[in-house]
Amino acid sequence: MRVCLVSHRLGGFDGVSIEAAKWAAGFRALGHQVTRAAGHFVDREPGDVEVTGMWADRPGGDPPPVDHATIRRLCAEHDLLVLDNAGSLWSAPDASTAWERHALDTGTPVLLRHHDPAWQGTPLRVVHGDAVPLHHPAHLHVLINERTAGEFAARWPELRRTGALRVVHNRVHVDRLTGGDRDRTRTRLGVAPDEVLMLHPARAEGANKNIPGAVRIAAELRERLGRPVRYWLTDDAPAPAGPVAEALATVPAPLRGHVAEQADMYAAADLVLLPSTWEGWGLPVAEAAAARRLVVAGPYPVLDELRALGLHVPGPDAVGEVAALLRDPDSAAELLTANHRAVREHLDAAVLPAVLAELADLARHR
């Protein structure tokens, strides 16, 4: 089967790019040919197709005119169209509706994955009428959490009635996140053996990431433990002026930027932070569980769904509990083993090809 996987941007460290890469690999594991189409590529693969109109040339700007000819050609040439947030994102609604219209015209089955629609998250997002997220009942809509599925069903009851809604949580490669090189990575980062390394996998921009809150947690933990605590923000882009830059300026010897291997990143850390006010899923929580690392997260609402799967995730008000666990490795090990077991049972990407095969079949027979 020829699959065209479409997103506004592909190949980066953002959550959508990471998840899109897992889906592309899952379809290829089934023996399908996958073409990546996007408005912007951070990396490049043979056969990638750049589609004009899906990505603004400058931050905050409007995308250029939509390339209808390329969109129609890709729809006609493929057996399945996968719109990975490309039918949801509010920044290029004309492109989203173009994919829907041309797919309907060519009779191409469509599977849409919606990460976080425009009515969720920060109030700065602009909803462009009723165009996005796409919600045509002829297509299969995959939501990454039950909360969003319920909101879709409330807005468009026919999607639930016709079986057009499915929930598939974002998954993690459990085995790939274990066995990282802790000592070598910490040495490369310049982290001393007695320092507590606090990992915050987040962008420097975006108020929902709550970097000031993360900095406060680091300071409180430093006081409770009486030990050096290093704060590591994985985004090395300049912090926007305002609360984020002001908070980072108070951090002693902060670390910035990614390392090449995720397993090494988590192995080096003693604690993972995700104190966001909003996340579509919060993948670092599941990744930390897979890597057997303590994690502090919340108060973003969807975290309740991860906890319901059996993950023990203290909130930002439980720094005392986390400090106690860091002092007591035996108690921490019991909790981390239980978290690892839960994420393997419910969120292991090893079963993703089978999930995608079922979704593709449902999309093609709508």
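Sequence positions are assigned chain by chain, starting from 1 and proceeding in written order. Where local features are concerned, this predicted model is filtered to residues with pLDDT of at least 70; where side-chain atom pairs are given and counted, the filter is 80 or more; whole-chain, interface and lining totals use all residues. The side-chain numbers reported here are obtained from all heavy atoms of the structure, hydrogens and water having been left aside.

Some points on the state of the cysteines
(1) Moving on: Defined by distance alone, a disulfide is two cysteine sulfur atoms within 2.5 Å. Counted according to the given criterion, the structure contains zero disulfides.
(2) Moving on: Considering cysteine sulfurs only, C75 is the nearest to C4, which forms no disulfide, with 7.3 Å between them.

With respect to the side chain of T35
(1) Moving on: Turning to its location among the elements, T35 is positioned in strand β2 (residues 33-41).
(2) Moving on: Buried residues are those whose accessible area, probed at 1.4 Å on protein chains only, stays under 20% of the maximum for their type, while exposed residues exceed 50% and partly exposed ones sit between those limits. Under the relative-accessibility criterion, T35 is labelled buried at 10%.
(3) Moving on: The contact rule is simple, with two residues in contact once any of their heavy atoms fall within 4.5 Å. Look past the residues within four positions of T35 in its chain and what remains in contact with it is V3, C4, L5, G47, V49 and H78. Strands are runs of DSSP state E lasting at least 2 residues, helices are runs of H or I lasting at least 4, and numbering of each runs from the N terminus.

Some words on the confidence of the model for the protein chain
(1) Moving on: The predictor's confidence in any single residue is recorded as pLDDT, a number from 0 to 100. Of all residues in the protein chain, 96% have pLDDT values of 70 or greater, and the mean over the chain is 93.
(2) Moving on: The low-confidence segment residues 123-128 (pLDDT under 50) makes 12 contacts with residues lying over four places distant or belonging to another chain.

Observations concerning the pairing of strand β6 (residues 140-143)
(1) Moving on: Neither face of β6 is exposed, since L140 and V142 on one face and H141 and L143 on the opposite face are all buried.
(2) Moving on: Whether two strands pair depends on DSSP finding at least two bridges between them. With four bridges connecting them, strand β5 (residues 110-114) and β6 associate as parallel partners. Looking across to β6, one finds that L112 is bridged to H141.
(3) Moving on: Note: β6 against strand β7 (residues 165-167), three bridges, orientation parallel. Pairing of V142 across the sheet is with R166, part of β7.

Details of the pattern of salt bridges
(1) Moving on: Each salt bridge in this description consists of a side-chain nitrogen of Lys or Arg and a carboxyl oxygen of Asp or Glu lying within 4 Å of one another. Going through the model one piece at a time under the given rule, you end up with 23 salt bridges.
(2) Moving on: The closest approach of N and O atoms between R36 and D43, which form a salt bridge, is 2.9 Å.
(3) Moving on: Given a relative accessible area of 29%, D43 falls into the partly exposed group.
(4) Moving on: A salt bridge links R182 to D270, with the nearest nitrogen and oxygen atoms 2.7 Å apart. Residue R182 is located in helix α6 (residues 182-189), and its partner D270 is located in the loop between α9 (262-268) and β11 (271-274); the two are separated by 88 residues in the primary sequence.
(5) Moving on: By relative accessible area, R182 is classed as partly exposed at 26%.
(6) Moving on: Salt bridges sharing common partners tie together R28, R36, D43, E45 and D48.

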